[in-house]
Amino acid sequence: LTEHLNKILNKISNTGRLTEQNIQNTLREVRTALLEADVSLEVIKNFIEKVKLQSIGKKFNKELTPGQELIKVVKQELINCMKNTNEHLNFSTIPPAIILMVGLQGMGKTTTTAKLGKYIQKNKKKKVLLVSLDIHRPAAIEQLKVLSEQIQVDFFSPLTIHNPLQIAQDALSYVKNKMYEVIIFDTAGRLHVNENMMKELNQIYNSISPIETLLTIDAMIGQDAHNIINQFSKNINITGIVITKIDGNARAGVALSIKEMTGKPIKFMGIGEKVDDIEAFNPEKIANRILGMGDTISIIEEIERKITKKQSHNLKKKINSGKKFTLNDFLIHITEINKSGGIVNLINRLPQNDVLKNQSPNSMNNNILKKFSAIIQSMNHTEKMDPDIIKSSRKKRIALGSGTKVQDINIMLKQFLYLQNIMKKVKTGNIKSIFENIKN
Ligand code: GDP
Ligand code: MG
């Protein structure tokens, strides 16, 4: 056993309950994670208090360390804090249900309008009309029109481009006796909250009486988010938040701050620039993201689901024996996972895989595997055991031998190093819930 594991085992035999002392270090880690995720200080303070209250005195499973047990409490509490009771769009009105999109400029309103239009039409099987009331940015109306053609959702072509109230009224007259079930109105943002925008939104709001008014917030905006939400809320009834650009670098702590500071439900999250990149808000995903172990946990869970009991047992043995995770193990791993059809998902979650993503799913499955296998098989024993030594001349030789490109080798090595790193963390007990994850 590694020294670290020994330490953990000692700790386990010493205590069986969470105490102020044995959770101190982990709480410090959690605090740092929340700070890095851009959660506001006030929210962090309250949150840590809540977690403390809940955990002190709690018994823990003897396979876990206090830190691991605490992380479980933390993750669950994060999820509870962000959970919505009213996460779904409200359509319970005489059709058409009107959705008003508001928010500052550049936050992703127009993109989200199109994404939602497609989402509702496709998933909810409702006939949708998109309307742009943004007369302030020259190309804004055209932007939504182009998007609507791309997603094949109807678009209202305005008769005037001077008065948003007039456009709104024209659109409402237009839909009379047509079978639209949902109308989504996109509006003009400004760089900052200002009176003109609020006045305009207020008038629009009163004239169309939306059942949902969704405020779009860019995840990168961080702690300003709740100020913006509160300012909008003073003027119009915001029924939900859409957080966009969750795919970026932001660690999504903004979601926790929003819920705690404004109480507004987060209904959707934007996860990319494309029209399909929208998902219903998922507190568990965000909790993982905030704690900074999303990829790691989900890959482990994926691995656990895909490999059989025996293999999982072997993996566990391997981890416990402290042996190094080598390229051979990597090959066995991806082969086994591939057998149950999971490699696409798995590889998709690994970082830096844009090259792989651009291939079609079917060809990807087999091609990647074939390539990776060929590459690994073209390596000699020393290289397999110690891939660090594979520099450019070796790469050229291996590429030639395996009928691949140097670039393929680089991709494979990157994926391998990533997985090896995870295995290392697993070994040193750094992944908080690892014992649960590979228990069988
Ligand atoms: P608006 O001014 O609020 O209407 O913002 P837009 O819809 O025009 O979006 C501004 C920019 O943000 C565009 O470049 C979009 O492609 C981008 N964008 C919007 N939503 C997302 C998202 O969820 N992820 C990413 N990466 N980019 C987004
Ligand atoms: Mg716009």
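Read on for an overview of the structure. (Residues numbered from 1 in each chain as written. Chains lettered and ligands numbered in written order. Predicted model: local features only at pLDDT ≥ 70, side-chain atom pairs only at ≥ 80, totals over all residues.)

### Description of the overall build of the protein
In step 1: Scanning the protein from terminus to terminus reveals 21 helices and 8 strands.
In step 2: Classification of the 440 residues of the protein by burial places 40% in the buried group. (Helix = DSSP H or I, 4+ residues; strand = E, 2+ residues; numbered from the N terminus. Buried ≥ 20, exposed ≤ 12 C-beta atoms within 10 Å, placed from the backbone.)

### Focus on the sheet that holds strand S2 (residues 128-132)
In step 1: Strands sit in the order S3-S2-S4-S1-S5-S6-S7-S8 across an open sheet of 8 strands; the sheet is mixed. With one partner strand each, in any of the chains shown, strand S3 (154-155) and strand S8 (278-280) form the two edges of the open sheet.
In step 2: Each of S2, S3 and strand S4 (182-186) touches helix H6 (residues 140-151); the most contacted strand, S2, lies at about 160° to it. (Pairing = 2+ DSSP bridges. Contact = placed C-beta atoms within 7 Å. Axes fitted to C-alpha atoms, helices over the stretch in contact; angles between N-to-C directions.)

### Quick notes on the nonpolar core
In step 1: Grouped together as the largest cluster of nonpolar side chains are 83 residues, with contacts concentrated most on Leu 130, Phe 185 and Ile 243.
In step 2: Counting only domains with at least three residues in this core, you end up with domain 1 (3-82) and domain 2 (97-283).
In step 3: What Leu 130 contacts, discounting residues up to four positions off in sequence, is Thr 113, Ala 114, Gly 117, Leu 144, Ser 148, Val 153, Asp 154, Phe 155, Phe 156 and Ile 184.
In step 4: In this structure, Leu 327, Phe 330, Ile 368 and Ile 398 belong to the second largest nonpolar core, which totals 12 residues. (Core = buried A, V, L, I, M, F, W, Y, C linked by C-beta atoms within 7 Å. Domains from an automatic or database assignment.)

### Quick notes on the site of ligand 1
In step 1: Close contacts around ligand 1 come from 19 residues, with Gly 108, Lys 109, Thr 110, Thr 111 and Gly 270 the closest.
In step 2: If one sorts the elements of the shell around ligand 1 by residue count, helix H5 (residues 109-123) sits on top with 3 residues.
In step 3: Residues that form the shell around ligand 1 fall into these classes: 2 nonpolar, 12 polar and 5 charged. (Near = placed C-beta within 6 Å. Nonpolar A, V, L, I, M, F, W, Y, C, P; charged D, E, K, R; others polar.)

### Some thoughts on unusual backbone geometry
Glycine aside, negative phi is the norm for most residues, and most peptide bonds take the trans geometry.
In step 1: Cis peptide bonds are those with omega within 30 degrees of zero, and the linkage from Pro 95 to Pro 96 qualifies with 0°.
In step 2: In this model, Asn 177 sits at a positive phi of 65°, which is unusual for a non-glycine residue.
In step 3: Locating Asn 177 in the fold gives a position in the loop between helix H7 (164-175) and S4.
In step 4: Unusually for a residue other than glycine, Lys 245 sits at a positive phi of about 60°.

### Some details on helix H3 (residues 41-55)
In step 1: Here H3 contains 15 residues, and its C-alpha end-to-end distance of 21 Å stays within 8% of the 21 Å for a straight helix at 1.5 Å per residue.
In step 2: After H3 finishes, the residue Gly 57 shows a positive phi value of roughly 95°. (Expected span 1.5 Å × (residues − 1).)

### A look at the pairing of S2
In step 1: In terms of residue burial, S2 counts as a mostly covered element, since 5 of its 5 residues are buried.
In step 2: A two-sided burial pattern is seen for S2, the buried positions comprising Val 128, Leu 130 and Ser 132 on one face and Leu 129 and Val 131 on the other.
In step 3: Bridging between S2 and S4 involves 5 bridges; their strand directions are parallel. Bridge pairing in S4 places Val 128 opposite Val 182.

### Digging into the packing of helix H9 (residues 225-235) against helix H10 (residues 253-262)
In step 1: The N-to-C vectors of H9 and H10 enclose an angle of 40°; their axes lie 9 Å apart at closest approach. In terms of orientation, H9 lies oblique with respect to H10. Here H9 runs over H10; the crossing is right-handed. Touching Ala 225, His 226, Ile 229 and Asn 230 of H9 are Val 254, Ser 257, Ile 258, Met 261 and Thr 262, all from H10.
In step 2: When the residues that make up the contact of H9 with H10 are grouped by side-chain class, the tally is 5 nonpolar, 4 polar and no charged. (Parallel < 35°, antiparallel > 145°, perpendicular 65-115°, else oblique. Left-handed = near helix turned anticlockwise from the far one by under 90°.)

### Points about the packing of helix H2 (residues 24-36) against H3
In step 1: Packing of H2 against H3 brings their axes to within 10 Å, and their N-to-C directions diverge by 150°. Overall, the two elements H2 and H3 adopt an arrangement that is roughly antiparallel. Considering how the two elements wind past one another, H2 and H3 form a crossing that is right-handed. Contacts from Leu 27, Val 30, Arg 31, Leu 34 and Leu 35 in H2 reach Ile 44, Phe 47 and Ile 48 in H3.
In step 2: Residues belonging to the contact of H2 with H3 are distributed by class as follows: 7 nonpolar, no polar and 1 charged.

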